[in-house]
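Remarks on the overall topology
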Amino acid sequence: MEEAAGWLAALDAGSAAPEAFAQWRAGDPRRAVAFAQVVDALEQVERLRAVHEREPAPPPRVERRLLLRAAALAGGASVAGAFIAVQANARESASTITGERRTIILDDGTRVHLNTATGISWRIDGTSRSVWLDEGEIRLEVKPRPPGSGAGHPLRLIVAGANIRLDAGIFNVRRQPESVGLLVLSGRAALDGRRMVDAGSLAQVIGKSVSVRPAETIAIARAQSWRNGQLVFEGESLDFVVAEFNRYLDHKIVIADPSLSRIRLGGRFTTTDPADLLTALQASFGIRSVRGDTGAITLTTA
Amino acid sequence: MTWLRDVDRWFIDEVLPHRQTFRRQAARLVAPGDAEDLVQEAYARAINASHHRDIDNPRAFVLTIMRNLAFERHRRASVVRFEHLADLDAMDIADSAPDQFAILSGHLELKRLIELMDQLPPQPRAVVKMRRIEGMLPKDIAVRLGLSVSTVEKHLAKGLAILAHAMQEAPVKADGVGISRLWQRHRQRSN
């Protein structure tokens, strides 16, 4: 900009050769842009001529105070029909369909959030409390047992043959075809009565093998977000992002062009509705989404 | 100004008035730190347009360039964050011509322009005023201020560079009277 202004002033004073200027400008379109912007500034100044003689009386100050309306937070997750389970000796069960979330409060006060396509069952009696995760993902907010009712009994969680004991605390558990992931957000868990998992740790159970390591920030953010209907990504491949979205969708998204799978993206989607994602993909990458006869959404370039 | 090509005139008259729209759009397309660069790159493409007089809607033309540049950048980027795309209502590349108000609002508000002038260092301000407002020739300004012509030239360049920079960044008020309308009003009165 400084360079362009120098040329303009020199041309204006007649001290620059037009040919030299033309050569400079032709060297880079950005120079032409800067020069045009400087000329524009000059022309706008010229408009002040109209008000130059007498400085305009300051216009009556009618300062409109814009009252920014406090942005109403989109209400929390709409929980479809939380209900109080009645005590019974038989196992009780609850489930969600694809795209649904619900919260169950067990008889001991433990709160269970069910994510999409999830099934649990449980049994609570005077001496023990057990929860089975049959499929999907849950968040368990385990209450301590009230004093005098068999204190010290942890909650027993059974997932795909793994036996997990949960003290009071908050746990995110996800069952996948090949593995089980247990993230301890607070409190403590014991795997098969031996392996301790502390708050902030993630345990992966694959068959008989167990690995415990500190949870990544993104894993914790993801566990905290789904019950608010949010999906969080931090540089994952489009493959992964689409797979996560598909858990919530009846009509799945399909990546038709394998070259797209490598795209990495991040962000927080405020809804499990894929419309935002599809719009963002279109806006940022020019990726088209086509809905087929069956309802499936296909992603293609161009 | 003989040193302006037709494409420069077109750029100043048809493209620059929409600079606010471009900046807003850029802020939605790329990360905040990259927005200004995206605008400038799109400008550079636009000013190289070979058939600029055939472009029906220069605003939509530049918006489309910006979008395509953003695609290219995103495809090259290692990770693309979507936070800034949450509000995507701006993706209507708006093929319709902007209304008169939108054109007016592309001009700097008069009050803001006076402020910008007042913020210039004293000598560049004096030179800019004498040259462009009072219409004095550089050699006459040099005599009046007791400076050499080349020093006058430097002050003019400095003042214009500062103004041009500030204008790319100056917020344009959504309401209020645009400068061109004020200018027209004054001109009508003085005629």
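Throughout, residues of each chain are indexed from 1 in the direction in which the sequence is written. The naming scheme follows written order: chains are lettered A onward, ligands numbered 1 onward. Confidence filtering applies because this is a predicted model: local features only for residues at pLDDT of at least 70, side-chain atom pairs given and counted only at 80 or more, and all residues used for totals across whole chains, interfaces and linings. Working from all heavy atoms in the structure, the side-chain values ignore hydrogens and water.

A look at the overall build of chain B
When its secondary structure is counted, chain B shows ten helices and one strand. Counting from the amino terminus, helix and strand elements in chain B follow one another as α-α-α-α-β-α-α-α-α-α-α. Contacts are assigned to residue pairs that have any heavy atoms within 4.5 Å of one another. Look at the contacts in chain B between residues 6 or more apart in sequence, and 73% of them connect residues 24 or more apart. Roughly 9500 Å² of accessible area belongs to chain B as shown, and the carbon and sulfur atoms make up 51% of that amount. Put simply, DSSP marks the helices as runs of H or I at least four residues long and the strands as runs of E at least two long, and each gets a number from the N terminus on. Accessible areas in this description were obtained via Shrake-Rupley with a 1.4 Å probe; residue shielding takes into account the shown protein chains only.

A word on the nonpolar core
In terms of nonpolar packing, the biggest core is built from 71 residues, with Phe35(A), Phe11(B) and Leu163(B) touching the most fellow members. Top contributing element to this core by residue count: helix H3 (residues 29–46) of chain A, with ten residues. Note on terminology: a nonpolar core comprises buried Ala, Val, Leu, Ile, Met, Phe, Trp, Tyr and Cys residues joined through side-chain atoms within 4.5 Å. Only protein chains enter the accessibility calculation, which uses a 1.4 Å probe; a residue whose area is less than 20% of its type maximum is buried, one above 50% is exposed, and one in between is partly exposed.

Details of unusual backbone geometry
All names here are of chain A. You will see that alanine 117, though not glycine, has its phi angle at about 45°, which is positive. Structurally, the position occupied by alanine 117 is in the loop between strand S4 (111–114) and strand S5 (119–124). On the accessibility criterion, alanine 117 (27% relative accessible area) is partly exposed.

Considerations on helix H6 (residues 110–118) of chain B
Looking at H6(B), one finds that the buried residues are Leu110(B), Leu113(B), Ile114(B), Leu116(B) and Met117(B). In an axial view of H6(B), the angular spread of the buried residues amounts to 160°, which keeps them on one side of the axis. Working definition: the arc comes from the directions between the helix axis and the C-beta atoms, pointing outward to the latter.

Details of helix H7 (residues 122–133) of chain B
The terminal C-alpha atoms of H7(B) lie 15 Å apart, and with twelve residues this matches the ideal 16 Å at 1.5 Å per residue to within 8%. Listing the buried residues of H7(B) in full gives Pro124(B), Val127(B), Val128(B), Met130(B), Arg131(B), Arg132(B) and Ile133(B). If you follow the buried residues of H7(B), they end up packed against helix H1 (2–13) and H3 of chain A together with H6, helix H8 (138–145) and helix H9 (149–169) of chain B. Within two residues after H7(B), Gly135(B) carries a phi angle of roughly 75°, on the positive side. The length a helix should cover is 1.5 Å for every residue beyond the first.

Quick word on the sheet that holds strand S19 (residues 297–301) of chain A
Residue and element names in this part refer to chain A. One bridge is not enough; two strands pair if DSSP finds at least two bridges between them. The sheet built from three strands is open, its strands ordered S16-S19-S18 with mixed pairing. Edge positions in the sheet fall to strand S16 (253–255) and strand S18 (287–291), since each has one partner strand and no second. Averaged over all pairs of adjacent strands, the angle between strand axes in this sheet comes to 30°, irrespective of strand direction. Bridge count between S18 and S19: five bridges; the pairing is antiparallel. Looking at the pairing, valine 290 lines up with threonine 298 of S19. Lines are fitted to the C-alpha atoms to define the axes, a helix being fitted only along its stretch in contact, and any angle between axes, read from their N-to-C directions, falls within 0 to 180 degrees. Relative to the sheet, helix H5 (residues 238–246) contacts S16, S18 and S19, its axis offset from that of S16 by approximately 160°. This element, helix H6 (residues 275–285), spans S16, S18 and S19 of the sheet and lies at about 145° to S18.

Looking at the pattern of salt bridges
The term salt bridge refers to a pairing of a side-chain nitrogen on Lys or Arg with a carboxyl oxygen on Asp or Glu at a separation within 4 Å. Applying the stated criterion across every chain, the model contains 18 salt bridges over all chains. Among the salt bridges present, the one from Arg19(B) reaches Asp40(A), with a minimum N-O distance of 2.6 Å. Taken together, the residues span two chains, with Arg19(B) in helix H2 (residues 19–29) and Asp40(A) in helix H3. The same class applies to Arg19(B) and to Asp40(A), which are both buried. A salt bridge links Glu41(B) to Arg73(B), with the nearest nitrogen and oxygen atoms 2.6 Å apart. In this pair, Glu41(B) sits in helix H3 (residues 35–46) while Arg73(B) sits in helix H4 (residues 58–76), placing the two residues 32 residues apart along the sequence. According to the relative accessible area criterion, Arg73(B) is buried, its value standing at 17%. A cluster of three or more residues bridged by salt bridges with shared partners is formed by Arg30(A), Asp37(B), Glu41(B), Arg45(B) and Arg73(B).

It is worth stressing that arrangement in space is one thing and function is another; only the former is reported here.
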